Amino acid sequence: MKLDKLIKRYRIQNSKGFKLDEINPGDTAGLESEFREEAKNLLQRSITELAELQDKLYAHNEWSLLLVFQAMDAAGKDSTIKQVMSGINPQGCEVHSFKAPTSEELDHDFMWRSMRRLPERGRIGIFNRSYYEEVLVVRVHPTLLDKQQLPTKLVTRRIWDERCDDLRHFEDYLGRNGTMIRKFFLHVSKDEQKRRFYERLNNPEKNWKFSAADIAERQHWDDYMHAYEQAIRATATPQAPWFVVPADNKWFTRLVVIGAIIDALKDMKLSYPTLAATEREALTTARQQLDTET
Ligand code: ATP
Ligand code: MG
């Protein structure tokens, strides 16, 4: 099983005609359920491979990697992030969860809060929700836009297209500055979400995850799917592709996500820095100093 082959069918990068229903949330690429055991081993091996690549990314210190996670509630963002990143050095990685904006954040342009959280060179930054909420939750609930106090003249019918253009340009800009971007839409079905909500309601250890607001959002399912489709169409580019990841089976979601992250890091052609002749001489001197210590 080659992960780089597996991820190809979920990678959206030139997407004018992209339709969300091209990808089935229950898809497992024909891998049968007996494969689950093997999937576990493959995930484990991939976690190790990712750790090695991250070490190089950190040492190389030129590129950074921004991973954006978007999904409907209970699609498994948190658990995917937890599992997939479980092997990496916490020093080289930062996760940020974006919630409803504070009043300070609302007093700035919508990108402001994200810009301050972008990963430094050599690091991996994970956005658990992101600036995409602007063209998702805010688009589905336009009253949220009022809170931003935009000059009225700027709020036209084209605002969502304009914001998608801005997102695409912003990501181009980041790409040209050495931030590689990979975006994941964990695509769960409405039925599977219902099942997971029941699990949260019925299992005391999962009660804390339940939020009545999630049920309310579920009523806007079709609007969200439309918003996702539009956002993906407008912002999937070769430099900052979307991965629409089937999310009804968690074991499969994790494989696709980790495969895509490894693929991105490999694209960077990372290597450990090599020392110049003078620096190598300094190492020799240091060694001699240690040798001659009394
Ligand atoms: P979990 O439920 O797994 O803990 P979560 O990401 O759903 O994680 P919540 O605190 O439940 O976290 O929800 C965060 C809420 O903030 C989401 O409903 C999201 O749509 C909302 N949100 C995020 N960004 C924005 C934004 N820019 N404008 C308005 N709402 C936003
Ligand atoms: Mg939530």
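Small disclaimer: the values here were computed from a predicted structure and weren't measured. (Residues numbered from 1 in each chain as written. Chains lettered and ligands numbered in written order. Predicted model: local features only at pLDDT ≥ 70, side-chain atom pairs only at ≥ 80, totals over all residues. Heavy atoms only, no water.)

1. Some points on the sheet that holds strand β1 (residues 11–12)
Within a sheet, each strand pairs with its neighbour through backbone hydrogen bonds, oriented either parallel or antiparallel. Here we have 6 strands laid out as an open sheet, ordered β1-β6-β5-β2-β4-β3, and mixed in their pairing. A strand with exactly one partner marks an edge of an open sheet, and here the two such strands are β1 and β3 (93–97). Of the strand pairs in this sheet, strand β2 (residues 64–71) and strand β5 (residues 179–187) are connected by 8 bridges, and their pairing is parallel. Counterpart to L65 in the pairing with β5 is M180. The strands that helix α3 (residues 77–84) touches are β2, β3, β4 (124–128) and β5; relative to β2, the one it contacts most, it runs at about 150°. (Pairing = 2+ DSSP bridges. Helix = DSSP H or I, 4+ residues; strand = E, 2+ residues; numbered from the N terminus. Contact = heavy atoms within 4.5 Å. Axes fitted to C-alpha atoms, helices over the stretch in contact; angles between N-to-C directions.)

2. Brief notes about the site of ligand 1
If you check the shell around ligand 1, you find 14 residues, and the closest are K99, A100, R113, R129 and E133. Between ligand 1 and K99 there is a distance of 3.0 Å, counted from an oxygen atom to a side-chain nitrogen or oxygen. R113 is positioned such that a nitrogen or oxygen atom in its side chain is 3.1 Å from a nitrogen atom of ligand 1. Protein coverage of the free-state accessible area of ligand 1, which is 630 Å², stands at 75%. The set of elements that each furnish at least two residues to the shell around ligand 1 consists of α3 and α6 (137–140). (Near = heavy atom within 4 Å. Polar contact = N/O pair within 3.5 Å; in protein donor to acceptor, adjacent residues only side chain to side chain. Areas by Shrake-Rupley, 256 points an atom, 1.4 Å probe, with all protein chains shown as cover.)

3. Quick notes on helix α12 (residues 250–267)
Look at α12: 26 Å from first C-alpha to last across 18 residues, which is about the 26 Å you get at 1.5 Å a residue. Counting buried positions over the 18 residues of α12 gives 14, a clear majority of the element. Just beyond α12, the residue with positive phi is K269, at close to 50°. (Expected span 1.5 Å × (residues − 1). Buried < 20%, exposed > 50% of the residue type's maximum accessible area, 1.4 Å probe, protein only.)

4. A few points about the pattern of salt bridges
Counting across every chain of the model gives 20 salt bridges. Where R158 meets E162, a salt bridge forms, and the shortest distance between an N and an O atom there is 3.8 Å. Judged by its relative accessible area of 45%, R158 falls in the partly exposed class. What makes E162 partly exposed here is its relative accessible area of 30%. Shared partners join several salt bridges into a network, and the residues in it are E192, R195, R196, E199 and K206. (Salt bridge = Lys/Arg side-chain N within 4 Å of Asp/Glu carboxyl O.)

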